[in-house]
Amino acid sequence: SMHANCNHTNTWGFYGHKRINRMAVFTLPPDLFSFYKTNIEFITDHAVDPDKRRYAAKGEAERHYIDIDHYAHKGEDPFEVMPERWADAVKKFGEDTLHAYGIVPWHLEVMIGRLTKAFKDGNLDRILNLSADLGHYIGDAHVPLHTTENYNGQMTNQKGIHGFWESRIPELNAEDYDYLLGTAIYVADPLKEAWRIVKESHYAVDSVLTFERELTKEFGEDLKYSMEQRGQVLMKVYSQEFSNEYERRLDGMQEKRMRASIYMVGCFW
């Protein structure tokens, strides 16, 4: 299972990650807010750095996801099977396996450690780079299809659903989402929080796949897709009607996950 092969590299779409990092700044309490606000353009622009590194840097791709269902057999809850702590998970499954199926929850813990050290050292460049990266990985952990081996619907004849869920729909409607969130709170146990996020994402996988399948039956191929002009190219995309109906059936899941991402990025910072 290599997510790196997923043709749709831009999780949350290119603009989604930028928007998450940007809006997270506004959840921060006053003292932190002024520092991040001063650097908001940097934090926004660099939100997509991890995706740019995915193909160049060895070991990067696995930080964006975890195929948690790989570890469960029929009827098992993968979260019962997988130990939360890295050392325990290594004992149980071996490091190679963990790296092969994604490490996002543990990577969030690693990133928090690095960011804490950067603050202690007063290393501004490092604080900003790590904050931007951390925002990206938190955003990814909130995407249901980042928690399953069937990450692009390739196992259920639903290829393309990855980009549909996290890029096409936010691209159509993210302007209308509500980004007013409460003030971020301190995360006392980052690893526990990381697992909570992944669990929430994973429990949504079934709806993400099921509703797309049902809608495809109802709409048929010709209404499911439409042609759109992208610069010089005419591209086949999921039609607006199909996209909007999917979002409606999922009860605004993309907006909810994006809001949760923004808030958690603030909390982790």
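It should be emphasised that the depicted structure is a prediction, and the values quoted were computed from it without experimental measurement.

Check the secondary structure of the protein chain and you find 15 helices and two strands. Its C-alpha radius of gyration of 18 Å places the protein chain within 12% of the 18 Å reference for a compact globule of 269 residues. Taking the principal axes of the C-alpha coordinates as reference, the protein chain spans close to 60 × 45 × 35 Å. Here the protein chain holds 269 residues, and the buried ones make up 51% of them. Of all intrachain contacts in the protein chain linking residues separated by at least 6 positions in sequence, the fraction that spans at least 24 positions is 74%. Counting every atom, the protein chain has about 12,900 Å² of accessible surface; 53% of that belongs to carbon and sulfur. Side-chain charges of the protein chain comprise 32 positive and 42 negative groups, with the mean position of each set lying 2 Å from the other.

Backbone phi values are negative for most residues with the exception of glycine, while trans is the configuration of most peptide bonds. Positive phi outside glycine occurs at Asn157, with the angle close to 60 degrees. Note that Asn157 resides in the loop between helix H9 (124-141) and helix H10 (161-173). Unusually for a residue other than glycine, Asp251 sits at a positive phi of about 60 degrees. One can find Asp251 in the loop between helix H14 (240-249) and helix H15 (253-268).

With that settled, consider the packing of helix H8 (residues 104-121) against helix H11 (residues 190-203). Helix-helix packing: each pair is described by the crossing angle between the helix axes and the interaxial distance. Across the interface, H8 lies against H11 with an axial gap of 9 Å and an inter-helix angle of 145 degrees. In this structure, H8 meets H11 at a crossing whose hand is right-handed. Here Val104, Pro105, Trp106, Leu108, Glu109 and Ile112 of H8 lie close against H11, whose contacting residues are Pro190, Leu191, Ala194, Trp195 and Val198. Along the lines of polarity and charge, the residues of the contact of H8 with H11 split into ten nonpolar, no polar and one charged.

Mapped onto the fold, Ala188 is located in the loop between H10 and H11. Here Ala188 falls in the exposed class, since its relative accessible area comes to 67%. Expressed as a C-alpha distance, the spacing of Ala188 and Cys267, which sit 79 residues apart in the sequence, is 9.8 Å.

About the criteria used
- Residues numbered from 1 in each chain as written.
- Predicted model: local features only at pLDDT ≥ 70, side-chain atom pairs only at ≥ 80, totals over all residues.
- Heavy atoms only, no water.
- Helix = DSSP H or I, 4+ residues; strand = E, 2+ residues; numbered from the N terminus.
- Rg over C-alpha atoms; globule rule 2.2 N^0.38 Å.
- Buried < 20%, exposed > 50% of the residue type's maximum accessible area, 1.4 Å probe, protein only.
- Contact = heavy atoms within 4.5 Å.
- Areas by Shrake-Rupley, 256 points an atom, 1.4 Å probe, with all protein chains shown as cover.
- Lys, Arg positive; Asp, Glu negative; His and termini not counted.
- Charge placed at Lys NZ, Arg CZ, Asp CG, Glu CD.
- Axes fitted to C-alpha atoms, helices over the stretch in contact; angles between N-to-C directions.
- Left-handed = near helix turned anticlockwise from the far one by under 90°.
- Nonpolar A, V, L, I, M, F, W, Y, C, P; charged D, E, K, R; others polar.

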